[in-house]
Amino acid sequence: MNVIFSRKGFDSTYGGFPSIILPEEMDSKMISFPIPETNPDSTGKKPEDIKFLLNEKYLSLKEIFNQLGISEKINIPSNPARKGLSNTVFHFDPELQTIENMRSYAAFGQSDKASSHLLSHGLQTGDVFLFFGSFKKTFLENNKITYDSAMYEVHAIWGYMIVDNIIHVSDITEELKEYPDIKTHLHYQNKEYEKGDNIIICGNIFGTFNYANKYRLTKLGYSKTIWELPEFFRGADISYCNKVENPSRFKSAEIGQEFVVSNFDEQKMKNWLIDLGVKLNG
């Protein structure tokens, strides 16, 4: 079993703002903002069409941006002069957050160096992805979601997926019975722009988390790339990072999408994953 920390969502370059931890009255749900498509010809999802289920109601990504007051400030790296939501579509991937018309299974695409990194590290059925990103708490002010300026950005784990299948997009010639509508995935829709090994990783066991201290990676009082990991991580290797010599103050890599963990006590890792809420046995 591999465990993979997978960095997803807005960051200082793609989007320019942290994703959000909703107020306690909204169960401290974490919403990971999908990054804007940087290729102007790529297919993506419009912000008004990405609707998250919050308190039994759907709220669009566009409305969340409007409430936060960031709609005209979102950074789009391919064209820094263009900000905001005009003509911008988003790369909603991985697909595991609770949205309107969501799939019955989780689907996550990778290509180029990122997919090669995963495949070279032996990505296989049963591996566990832990999706993390930059987050900040919010509160309600005049019925609007507002960033809490008292909280610094932190890295936090917001969701997970257990790998069932690794599908090479080049092998998809017809709809797959086990994974209906796989051709609607953005890594298939934009296959002409995806370089190298373009893959879609599917899983029937997946979920997202409401924020609690156990999902926070960033050590309290430190910059967000300084993590506090469980003691059993000592001696483990994490790709793109150094060997974990000091789990209580581990320096994570600032660049890289997937950090593959190896050389760990598997039973202790499983116990930790179960404590997080990962359903290892379905």
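Notes on the structure in this doc start here. (Residues numbered from 1 in each chain as written. Predicted model: local features only at pLDDT ≥ 70, side-chain atom pairs only at ≥ 80, totals over all residues. Heavy atoms only, no water.)

### Thoughts on the nonpolar core
Part 1 of the argument: Counting residues in each nonpolar core, the largest one holds 50 residues, and the members touching the most others are Phe5, Phe129, Leu130 and Trp272.
Part 2 of the argument: Among the elements of the structure, β1 (3-7), β8 (106-110), β9 (128-141), β11 (154-162), β13 (199-203), β18 (258-262) and α4 (266-276) are those that each provide at least two residues to this core.
Part 3 of the argument: If one sorts the elements of this core by residue count, β11 sits on top with seven residues.
Part 4 of the argument: Filtering out sequence-adjacent residues up to four positions away, Phe129 remains in contact with Ile4, Ser6, Phe108, Leu118, Leu123, Gly159, Tyr160, Met161, Val163, Ile201 and Glu258.
Part 5 of the argument: Ranked by size, the runner-up nonpolar core spans 22 residues in total, among them Phe10, Ile31, Leu61 and Ile64. (Core = buried A, V, L, I, M, F, W, Y, C linked by side-chain atoms within 4.5 Å. Buried < 20%, exposed > 50% of the residue type's maximum accessible area, 1.4 Å probe, protein only. Helix = DSSP H or I, 4+ residues; strand = E, 2+ residues; numbered from the N terminus. Contact = heavy atoms within 4.5 Å.)

### Regarding the pairing of strand β5 (residues 51-54)
Part 1 of the argument: A one-sided burial pattern is seen for β5, the buried positions being Phe52 and Leu54 and the unburied ones Lys51 and Leu53.
Part 2 of the argument: Across four bridges, the pairing between β5 and strand β6 (residues 57-60) is antiparallel. Bridge pairing in β6 links Leu54 to Lys57.
Part 3 of the argument: Where β5 folds back onto β6 in an antiparallel hairpin, the turn is made up of two residues, including Asn55, whose phi is positive at roughly 50 degrees. (Pairing = 2+ DSSP bridges.)

### Section: the packing of aromatic side chains
Part 1 of the argument: If you walk through the whole model with that rule in mind, you get 23 aromatic pairs.
Part 2 of the argument: Plain terms: the ring middles of Phe108 and Phe131 are 5.4 Å apart, the flat faces sit at 85 degrees to each other, and that makes the pair edge-to-face. Highlighted residues: Phe108 in strand β8 and Phe131 in strand β9, separated in sequence by 23 residues. Accessibility classification places Phe108 together with Phe131 in one group, the buried group.
Part 3 of the argument: Each ring, one from Phe132 and one from Phe259, has its centre 6.0 Å from the other, and the planes form 40 degrees; the classification is tilted. Here Phe259 lies in strand β18 and Phe132 lies in strand β9, a separation of 127 residues in the sequence. Each member of the pair Phe132 and Phe259 is classed as buried. (Phe/Tyr/Trp six-rings, centres within 6.5 Å; stacked < 30°, edge-to-face > 60°.)

### Things to note about the sheet that holds β13
Note: strands within a sheet are paired through backbone hydrogen bonds, in either parallel or antiparallel orientation.
Part 1 of the argument: Strands sit in the order β8-β13-β12 across an open sheet of three strands; the sheet is antiparallel. Only two strands of the sheet have a single partner each, and these edge strands are β8 and β12 (165-168). The sheet shows a mean angle of 25 degrees between the axes of neighbouring strands, taken without regard to direction.
Part 2 of the argument: Taken together, the four bridges between β12 and β13 define a ladder with antiparallel strand orientation. Bridge pairing links Asn165 to Cys202 in β13. (Axes fitted to C-alpha atoms, helices over the stretch in contact; angles between N-to-C directions.)

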